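Chain and residue survey
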Amino acid sequence: MPTLHSPPNSSHPITHASPSGNPLATSSLPLTSHPVTVFSTTSAHTNTTVNPAAAAAANFFNDLLNKIPLPRWVIYLIFVGGALLILLCCLCICIKCCCKGKTKKRQQKKDEKINLNGVNGKTTTALVQPDVADVDYGSTKQQRGKLLYSLEYNAAQSELTVGIKQADNLKAMDLGGSSDPYVKVYICPDKSRTCETKVFRNTLNPVFNEHFNFQITKSSLLKSTVVMQVFDFNRFSKHNIIGELRLQLCNVDWNHVIEEWQDLGEPAKFEDENLGEICFSLRYVPTAGKLTVVILEAKNLKSMDIGGSSDPYVKVQLALDKRKWRKRKTSIKKKTLNPYYNESFTFDVSFEQIQRVNLVISVWDHDAMTRNDAMGKIFLGCDATGNQLRHWADMLSNPRRPVAQWHNLLSAEQVNSTLTLKKKIPLASKLPGKLPF
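Residues take numbers from 1 onward in each chain, read along the sequence in its written order. This being a predicted model, a pLDDT of at least 70 is required before a residue's local features are given, and a value of 80 or more before pairs of side-chain atoms are given or counted; all residues contribute to the totals for chains, interfaces and linings. Heavy atoms throughout the structure, all of them, feed into the side-chain values; hydrogens and water do not.

1. What to know about the overall build of the protein chain
The following threshold applies: Going along the chain from the N terminus, every DSSP run of H or I of four or more residues is numbered as a helix, and every run of E of two or more is numbered as a strand. Think of it in three bands: residues with accessible area under 20% of the maximum for their type are buried, residues over 50% are exposed, and the middle band is partly exposed, with areas taken using a 1.4 Å probe on protein chains only. Every residue pair with non-hydrogen atoms within 4.5 Å of one another is taken to be in contact. Methods summary: accessible areas were calculated by the Shrake-Rupley approach with a probe of 1.4 Å, and residue burial reflects only the protein chains presented.
Within the protein chain, the secondary structure is distributed over seven helices and 18 strands. The burial tally for the protein chain puts 36% of its 437 residues in the buried class. If you take every contact in the protein chain between residues at least 6 apart in sequence, the share linking residues at least 24 apart comes to 63%. In the structure as shown, the protein chain presents an accessible area of about 27600 Å², 56% of it carried by carbon and sulfur atoms.

Set out below in structure tokens:
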């Protein structure tokens, strides 16, 4: 179509021509002083081309937005909010990872710190290898509490008296922020006798005031070490050790009674041989004169066979007036160190006899060709001490009710030297009650 340009500031009307060349009706329009330009509908072709895939994606996106019954600005606002939320989550994850890495590095540096206290540097040994007691691993020392004890030796009677007075500010071992402490005392390397104090419930500052006597010669005394271990009592699980004191008796001045406070230390790595644990329940009915012992299970027993296992069974024995009286035994569990029995034994024991009875529980390894070997032993009764005495007392104070508890096994030599059972069985006429043969 031909384009007509009106000259600037023209006062003549604008005449449009038809495509056939016939002039169209003229219209008198007011002219302005500004130039007026009329563009033709035909334009020159450009080199820009539209991508069909992009156009199809744009059309699909527009159709999708049109199907959503929300205003367009609301949809855009939702998209922007989602993008910001995703970005915020990614940022939080990055910050957490960075902080975790820094904390790990800081912890590694803290663990690598070794504070050498008391190293004076006067000798090469002090600079290179300080005393083990002066090395504090970590930035802070773990507080386990203090123990007040006393030591006295009677040379005329060859008797050492160890007094457990009290403890203070013990470490809390239970979830409630408290502990059930008791103290175990024995002498190394002989360890022929182990003594235990009473258990004090829910306290970190128990007052024991108990004394234990050990027969030991002066020559053996100077080669021995007295060990005082503070434990947290748990009825249905292993007793956790809070701390311990190890005193070399050769360094003690025996001219007077020793009584002093000392901080509890970390338990020694070279702990005594672990013989395992056994769990059993006791039930006594005074009216019927029935004592029921249920052997439940044992765990972490000592390996006795070459293959690293054992064939354990449990022997239950009653001693009346420290004389062997009645005994029963469980079945044999083959090739295991964690046997489960759940076997019950009932004995006729009158109320008068229960005051003089000791219960001996021993674990044995069965051998078909050779003699059976003792794996561990423990005894309960009025002559027992510590946890064993407490279990027995709980049974007597709760008649007709089974009381179960875990116990650490001791060596047979240690129990035999403490209980000192007589091997001869007296006549039935000399003992109250009927003795089964």
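Next, the rest of the story.
2. So, the confidence of the model for the protein chain
Keep this limit in mind: pLDDT is defined as a per-residue confidence score from the predictor, taking values between 0 and 100.
Considering every residue of the protein chain, the mean pLDDT works out to 78; 74% of them sit at 70 or more. Long-range and interchain partners of residues 37–48, a stretch whose pLDDT sits below 50, account for six contacts in this model, where long-range means more than four residues apart. Counting contacts from residues 110–140, a segment whose pLDDT is below 50, to residues more than four positions away or on other chains yields 26 contacts.

3. Points about the side chain of D367
Our working rule: His is not counted, nor are the chain ends, whereas Lys and Arg count as positive and Asp and Glu as negative. The salt bridge criterion pairs a side-chain nitrogen of Lys or Arg with a carboxyl oxygen of Asp or Glu, the two atoms within 4 Å.
Inspection of the secondary structure puts D367 in the loop between β16 (357–365) and β17 (373–381). Of the buried charged residues, D367 lacks a salt bridge, with K334 as the closest side chain of opposite charge at 8.3 Å. When residues no more than four places from it in sequence are discounted, the contact partners of D367 are D305, N372 and D373.

4. A word on a nonpolar patch on the surface
To be explicit about the condition: Candidates for patches are residues over 30% relative accessible area with no salt bridge; among them, like charges are joined within 9 Å and nonpolar side chains (Val, Leu, Ile, Met, Phe, Trp, Tyr) within 5 Å.
Taken together, the side chains of F61, L70, Y76, I78 and F79 make up a nonpolar region of the molecular surface, amounting to roughly 480 Å² of accessible area. When residues in the nonpolar patch are grouped by element, the largest group, three residues, is from helix α2 (residues 72–112). With respect to the secondary-structure elements, Y76 resides in helix α2.

5. Comments concerning unusual backbone geometry
Not every positive phi belongs to a glycine, and N202 is a case in point at roughly 50°. Within the secondary structure layout, N202 lies in the loop between β6 (194–196) and β7 (207–215).

6. Concerning the sheet that holds strand β12 (residues 290–299)
One key point about sheets: their strands pair by backbone hydrogen bonds, in either a parallel or an antiparallel sense. The following threshold applies: When DSSP finds two or more bridges between two strands, those strands count as paired. Here an axis means a line fitted to C-alpha atoms, over the contact stretch when the element is a helix, while the angle between two N-to-C directions is reported on a 0 to 180 degree scale.
Taken in spatial order, the four strands line up as β15-β12-β11-β18 in an open sheet, and their pairing is antiparallel. Looking along the sheet, the strands with just one partner apiece sit at the ends: β15 (340–348) and β18 (403–408). Between one strand axis and the next, the sheet turns by 20° as a mean value, whatever way the strands run. Sheet topology places β12 next to β15; seven bridges connect them, and they run antiparallel. Each residue of the ladder has a partner; that of T292, found in β15, is T346. Of the strands in this sheet, β11 (277–285), β12 and β18 are in contact with helix α6 (residues 386–397), which crosses β18 at around 170°.

7. A look at the pairing of strand β13 (residues 312–320)
Along any regular strand, the residues point their side chains to alternate faces of the sheet. Of all nine residues making up β13, eight are buried, and the element is well covered by its neighbours. Of the strand pairs in this sheet, β13 and β16 are connected by nine bridges, and their pairing is antiparallel. Paired with V316 across the strands is I361, a residue of β16. Where β13 lies against strand β14 (residues 323–329), six bridges are found, and the strand directions are antiparallel.

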